[in-house]
Amino acid sequence: FAAAALQVSGSMAEMMFCVPPDSLDRAAFMSEFGGIYEHSDWVAEAILDEGVGPADRFVPHFAGRMAAIVDAAGKDRQLALLRAHPELAGKLAVAGGPAAGSTA
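The rules behind these values
- Residues numbered from 1 in each chain as written.
- Predicted model: local features only at pLDDT ≥ 70, side-chain atom pairs only at ≥ 80, totals over all residues.
- Heavy atoms only, no water.
- Buried < 20%, exposed > 50% of the residue type's maximum accessible area, 1.4 Å probe, protein only.
- Helix = DSSP H or I, 4+ residues; strand = E, 2+ residues; numbered from the N terminus.
- Arc of directions from axis to C-beta.
- Contact = heavy atoms within 4.5 Å.
- Polar contact = N/O pair within 3.5 Å; in protein donor to acceptor, adjacent residues only side chain to side chain.
- Salt bridge = Lys/Arg side-chain N within 4 Å of Asp/Glu carboxyl O.

## Let's talk about helix H1 (residues 26–33)
And step 1. Regarding H1, the residues found buried are Phe29, Met30, Glu32 and Phe33. An end-on view of H1 places all buried positions within 165° of arc, on one side of the element. The exposed set on the far side of H1, more than 90 degrees from its buried face, consists of Ala27 and Ser31.
And step 2. Where H1 is buried, its residues contact strand E2 (16–17), helix H2 (41–50) and helix H3 (59–72).
And step 3. The opening residue of H1 is aspartate 25, an N-cap whose side-chain oxygen sits 3.3 Å from the backbone nitrogen of alanine 27.

Encoded structure:
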């Protein structure tokens, strides 16, 4: 997975993708990043729709954007993501997250 290839020079905040996301056309971006967030390509598509810039070269920033997209997606879309990846629901239940109350 080429998206996993990183340049590291110092702290975690400085981790960068070897191939800058903002240098890719739509097809290449989706090929690189479409499956990176639990194989839910709609997350990468939302980033493209919002626009990709130089800050997205930094892994923590890019990951934060992806998480924010999922957080803002609404319950139905979040549940669909969890249903496609049931191991995530177990991790959330252990952490006391949203799935913890749905185990009864």
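Moving on, there is more to tell.
## Side note on the pattern of salt bridges
It is possible for side chains bearing opposite charge to pair when their charged atoms get close.
And step 1. Applying the stated rule across the entire model yields four salt bridges.
And step 2. For aspartate 22, the salt bridge goes to arginine 57, with nearest N and O atoms at 2.8 Å. With aspartate 22 in the loop between E2 and H1 and arginine 57 in the loop between H2 and H3, this residue pair connects regions lying 35 residues apart in the sequence.
And step 3. The shortest N-O distance in the salt bridge between arginine 65 and aspartate 56 comes to 2.7 Å.

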